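# What the coordinates show
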Amino acid sequence: MRRLLLCAGVVCASTAAAADIDPGALLVQSAEASRTSNYQGVVIYRGDERFEVLRVHHRFQDDSERERMVSLTGEPRQLVRIDNRLICILPKGRAMSVERPSLKGFLAQLTPERVEKLKEFYEFRSEGEGRIAGRLCDGVTVRPKDEYRYGYEVWTDQETHLPLKVSLTGPKGEVLEQVMFTEVSFPKTIPDDAFETEVDIRKFTLITRNLPKLDQLPAPSQHGDPQVSFSKLPPGFKVVSHDDRPLPGGAGNVEHLLLSDGLSAVSVFSTVQSREEKVLSGVSHMGPVQAYGRVVGSFHVTIVGEVPGSAIRMIGDNLRVPLPGPANSGVVALPRVDVAPNQSISAPAGPQPIIPPDLVPGVSPH
């Protein structure tokens, strides 16, 4: 998430080195704190030509996590999360964008074992001390060792270890997206009514989805074998999730594959569509989000991820899909495509996103 925030609580990093801090261990502590802490406050998000302000309540009670986010800017919209179950409440008729996991979701799943594996592809470095929302924090940068992933900068509260600022960074360290608390408190208890909606839900659309968990994947046989396969993937990336979603009117399914290296993620959507439908073809981008679309006969694949274009291009150039037509007796590798990156990103037809575009940082509206 990208944000250069010129407001109260902006980081003032000290020059003191934090040689005694293990950056990987600090991120694991931060991941645990983001799940098991009670906190509430105001968060600002700055993305590609977008600026959002949200109020957040988070509670961990009886081994269950509950979170509610309410937008304080723009149209009224809310998000309620119970453990990994996400409920989005947004104005009726609101279009959805392609789905991709939020940055916080993957940071919150870091474990000592995963950090060790990630060191093959990322460098972890301490960045000293700073202040955010009036609280002393320790900084950690996660820098990629190749061209296939973005970097991250995380500032965690020294007392609670809660991440108070998370930035997505580009090849030169530039901030691409950013989420930051401007005020935060840590009450011992948060009442149930803090998680109740304050809108007439009859006037809103409710969309529910289970968020991906890297360590709790569905059984391989749950949806059968994926239609899409890959002859080559960026180093460290693998398929970690597979599910099918029905198209409206029983017209088929949209298959969704989630690829990840344990921190960065890419979604691959595939479906059969009529030739009359306008679909993404070639390579495109919206801020740090890269997309690749390709049609073979009536078969369409869309790849979307918050990763550099080199990663999306490698995945797209090495796709293998079922042969078009009724025979469907084999697979075909898709040829490389060369299209200027000036097309808008849109999702495959059918039920798709399950994250409201203007509420969750890192998800863009149509």
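The structure presented is a predicted model; accordingly, all values stated were derived computationally and were not measured.

### Thoughts on the overall build of the protein
The helix and strand tally for the protein stands at four helices and 20 strands. A buried classification covers 51% of the 366 residues belonging to the protein. In the protein, 61% of the contacts between residues at least 6 apart in sequence involve partners at least 24 apart. Of the roughly 16,500 Å² of accessible surface on the protein, a fraction of 51% belongs to carbon and sulfur atoms.

### A closer look at the pattern of salt bridges
Applying the stated criterion to the full structure yields eleven salt bridges. One salt bridge in this structure joins Arg50 and Glu52, with 3.4 Å as the shortest N-O distance. Neither Arg50 nor Glu52 differs from the other in exposure class; each is buried. Two residues, Glu159 and Arg135, come together in a salt bridge whose shortest N-O distance is 3.1 Å. Taken together, the positions of Glu159 in the loop between strand S8 (151-157) and strand S9 (163-169) and Arg135 in strand S7 (residues 135-144) put the pair 24 residues apart, joining distant regions of the chain. You can call Glu159 exposed: its relative accessible area is 64%. Taken together, the shared-partner salt bridges in this structure form one network comprising Glu65, Glu67 and Arg81.

### Structural notes on the packing of aromatic side chains
Applying the stated rule across the entire model yields two aromatic pairs. Relative to Phe181, the ring of Tyr39 lies with its centre 6.0 Å away and its plane at 85°, an arrangement referred to as edge-to-face. Taken as a pair, Tyr39 in strand S1 (residues 39-47) and Phe181 in strand S10 (residues 175-185) lie far apart in primary sequence, 142 residues in all. Exposure class is identical for Tyr39 and Phe181. Each is buried. When the ring centre of Tyr122 is taken as origin, the NZ or CZ atom of Arg149, which lies over that ring, is 5.8 Å away.

### Considering the side chain of Asp157
Structurally, Asp157 can be placed in strand S8. For Asp157, a relative accessible area of 2% gives the class buried. In terms of polar contacts, Asp157 uses its side chain to reach the side chain of Thr160, at 2.7 Å. In this structure, Asp157 is in contact with Arg135, Leu136, Cys137, Leu162, Leu164 and Phe186, ignoring residues within four places of it in sequence.

### A few points about the nonpolar core
Ranked by internal contacts, the top residues of the largest apolar core, which has 23 residues, are Tyr39, Ile132, Leu162, Leu164, Phe181 and Val184. Sorting the residues of this core by element identifies S1, strand S2 (50-61), strand S5 (85-91) and S10 as the ones contributing at least two each. Sort the elements by how many residues they give to this core and S1 lands first, with five residues. Phe121, Phe124, Val166 and Leu168 belong to the second largest nonpolar core, which has 20 residues in total.

### Overview of unusual backbone geometry
Positive phi outside glycine occurs at Asp63, with the angle close to 60°. Classification of Asp63 as exposed rests on a relative accessible area of 63%. Positioned with a positive phi, Ala133 is a non-glycine residue whose angle comes to about 50°. Looking at where Ala133 falls in the secondary structure, it is placed in the loop between strand S6 (122-132) and S7.

### Side note on the pairing of S8
Most of S8 is tucked away: six of the seven residues are buried. Between S7 and S8, which follow one another and run antiparallel, lie six residues. Relative to S9, S8 runs antiparallel, the two being bridged by six bridges. In the sheet register, Val154 faces S9, and the bridge partner there is Val166.

### With respect to the confidence of the model for the protein
Across the protein, the average pLDDT comes to 75, with 66% of residues at or above 70. Counted against residues more than four places away or in other chains, residues 1-18, with its pLDDT under 50, gives 71 contacts. Here residues 95-101 is a poorly scored stretch, pLDDT under 50, and it has 45 contacts once near neighbours within four places are set aside; other chains count.

### Examining the environment of Asp243
With respect to the secondary-structure elements, Asp243 resides in strand S13 (residues 238-246). Taking the C-alpha atoms as reference, Asp243 lies 9.9 Å from Phe269; in sequence the two are 26 residues apart.

### Looking at the pairing of strand S14 (residues 253-260)
Within S14, seven of the eight residues are buried, leaving the element largely enclosed by the surrounding structure. In this sheet, S14 lies alongside S13 in antiparallel orientation, the contact comprising eight bridges. In the sheet register, Arg245 faces S14, and the bridge partner there is Val254. Sheet topology note: the S14/strand S15 (residues 265-272) ladder contains six bridges and is antiparallel. Bridged to Leu259 within S15 is Val266. Hairpin connection from S14 to S15: four residues lie between these consecutive antiparallel strands, with Gly262 at a positive phi of about 105°.

### What about the environment of Val268?
Its location among the elements puts Val268 in strand S15. Separated by 35 residues in the primary sequence, Val268 and Ile303 have C-alpha atoms spaced 4.4 Å apart. Look past the residues within four positions of Val268 in its chain and what remains in contact with it is Val228, Phe230, Glu255, His256, Leu257, Leu259, Val301, Thr302 and Ile303.

So, how was this worked out
Residues numbered from 1 in each chain as written. Predicted model: local features only at pLDDT ≥ 70, side-chain atom pairs only at ≥ 80, totals over all residues. Heavy atoms only, no water. Helix = DSSP H or I, 4+ residues; strand = E, 2+ residues; numbered from the N terminus. Buried < 20%, exposed > 50% of the residue type's maximum accessible area, 1.4 Å probe, protein only. Contact = heavy atoms within 4.5 Å. Areas by Shrake-Rupley, 256 points an atom, 1.4 Å probe, with all protein chains shown as cover. Salt bridge = Lys/Arg side-chain N within 4 Å of Asp/Glu carboxyl O. Phe/Tyr/Trp six-rings, centres within 6.5 Å; stacked < 30°, edge-to-face > 60°. Lys NZ or Arg CZ within 6 Å of the ring centre and 35° of its normal. Polar contact = N/O pair within 3.5 Å; in protein donor to acceptor, adjacent residues only side chain to side chain. Core = buried A, V, L, I, M, F, W, Y, C linked by side-chain atoms within 4.5 Å. Pairing = 2+ DSSP bridges. pLDDT = per-residue confidence, 0-100.

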